[in-house]
Amino acid sequence: MIIPKTTEQIELMRQSALIVSKTLGMIASEIKPGVTTLHLDKLAEEFIRDNGAVPGFLGLYGCPSTLLTSVNEQIVHGLPTSRPIEEGDVVSVDCGAIMNEYYGDHAYTFEIGEVAPETKKLLQVTKESLYVGIREFKAGNRVEDVGNAIQKYTEAHGYGVVRELVGHGLGKKMHEEPNMPNYGKRGRGKMFVEGMVVAIEPMINMGTKNIKQLKDGWTIVTRDGKPSAHFEHDVALVNGKPELLSTFAYVYKALGIVSNEEDEFRTTPFVV
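The rules behind each value
Along each chain, residues carry numbers from 1 onward, in the same order as the chain's sequence is written. Only residues with pLDDT of at least 70 are given local features in this predicted model, and only at 80 or more are side-chain atom pairs given and counted; all residues enter the totals for whole chains, interfaces and linings. Side-chain metrics in this entry use all non-hydrogen atoms of the structure; hydrogen atoms and water are not considered. Where helices are involved, their axes are fitted lines through C-alpha atoms of the stretch in contact, as for all axes, and angles between N-to-C directions lie from 0 to 180°. Helix numbers and strand numbers start at the N terminus; a helix is a DSSP run of H or I with at least 4 residues, a strand a run of E with at least 2. The scheme is simple: roughly parallel for angles under 35 degrees, roughly antiparallel for over 145, roughly perpendicular for 65 to 115, oblique for anything else. With the far helix as reference, a near helix turned anticlockwise by less than a right angle produces a left-handed crossing, and one turned clockwise produces a right-handed crossing. Note on contacts: a residue pair qualifies if any of its non-hydrogen atoms lie within 4.5 Å across the two residues. Note on residue classes: Ala, Val, Leu, Ile, Met, Phe, Trp, Tyr, Cys and Pro are nonpolar, Asp, Glu, Lys and Arg are charged, and everything else, Gly too, is polar. For a helix, the expected span equals 1.5 Å multiplied by the residue count minus one. Buried means the residue's accessible area, taken with a 1.4 Å probe over protein chains only, is under 20% of the maximum for its type, while exposed means over 50%, and partly exposed covers the values in between. Two strands are said to pair when DSSP picks up at least two bridges between them.

Caption draft 1: Looking closely at the packing of helix α1 (residues 7-30) against helix α2 (residues 37-50). Running from amino to carboxyl end, α1 crosses α2 at an angle of 140°, the nearest separation of the two axes being 10 Å. It follows from the interaxial angle that α1 and α2 lie oblique. Considering how the two elements wind past one another, α1 and α2 form a crossing that is right-handed. Counted together, Ile19, Lys22, Thr23, Met26, Ile27 and Glu30 of α1 and Leu40, Leu43, Ala44, Phe47 and Ile48 of α2 form the full contact between these two elements. For the contact of α1 with α2, the per-class residue count stands at 8 nonpolar, 1 polar and 2 charged.

So this is what it looks like as structure tokens:
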């Protein structure tokens, strides 16, 4: 059952989402060749707790970490390790936090130094597909309208769309109804309702859509060993339109990136 949120609850969820956004912004300043994902995980836990929130992933379903850090061919759910990040890697950093009893859940894939042009394009198209999908999260549409838009956009570039892992509703639980796949047929799935909040998160592979899980029971990788990209936003349906609760603005400030990509999904522009 979809659980719509009141205006007041959406504002509480915005605070939860922004804690995660700020954490990713802090990570953007720290992630570089030679740094380990275990170190980033420690920094993230400290940052979240110092800002009055609680790590959302730590202990959830037995998760041993604050961040899920997926490197190169790892798609999602990568556990932090002592392996140093290397020049040319791409690293998906997925983070959750609980504040005011509500979850924020938000992800960004970072380029480490000079990345291969074909990998850079994968990240660009995946992030663009996130907004292509968000545009379909509106009154009168259904769940698979979002997935269909993401699928068409990314498959047109020859990429593989992961089937087994999906976005989801968000609230006092990390995973609420409905599931939000990144593929589908227009006009199918549950109807969107005012006040619902979802995490939309395309997980797109450079090659095959097929995946496998590593022996750690968490890390999901591409079956062909080619890179994958993952971007995620928290979005509320407000006045029949998608409104972003999370932001990449803190990441962009740390990386010196200028972007207005989020402006169409806000009633007023977000300023860091």
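Structure's up, so let's keep going.
Caption draft 2: Summary view of helix α4 (residues 143-155). The terminal C-alpha atoms of α4 lie 19 Å apart, and with 13 residues this matches the ideal 18 Å at 1.5 Å per residue to within 8%. Most of α4 is tucked away, with 10 of its 13 residues classed as buried. Looking only at α4, the buried set comprises Val143, Glu144, Asp145, Val146, Gly147, Asn148, Ala149, Ile150, Gln151 and Thr154. Considering only its buried residues, α4 is in contact with α3 (117-134), β6 (160-161), β8 (176-180), β9 (197-200) and β10 (203-205).

Caption draft 3: Representation of the sheet that holds strand β7 (residues 167-169). Across the sheet, which stays open at both edges, the 5 strands sit in the order β8-β7-β9-β14-β15 with antiparallel pairing between neighbours. The open sheet has two free edges, formed respectively by β8 and β15 (241-244), since each of these has just one partner strand. Averaged over all pairs of adjacent strands, the angle between strand axes in this sheet comes to 30°, irrespective of strand direction. Pairing analysis gives 3 bridges linking β7 to β8, with the strands arranged antiparallel. Pairing of Gly169 across the sheet is with Glu176, part of β8. Most of the contacts of α1 go to strand β14 (residues 233-238), to which it runs at about 165°, and overall it touches β9, β14 and β15. Running at roughly 30° to β8, α4 makes contact with β8 and β9 of the sheet.

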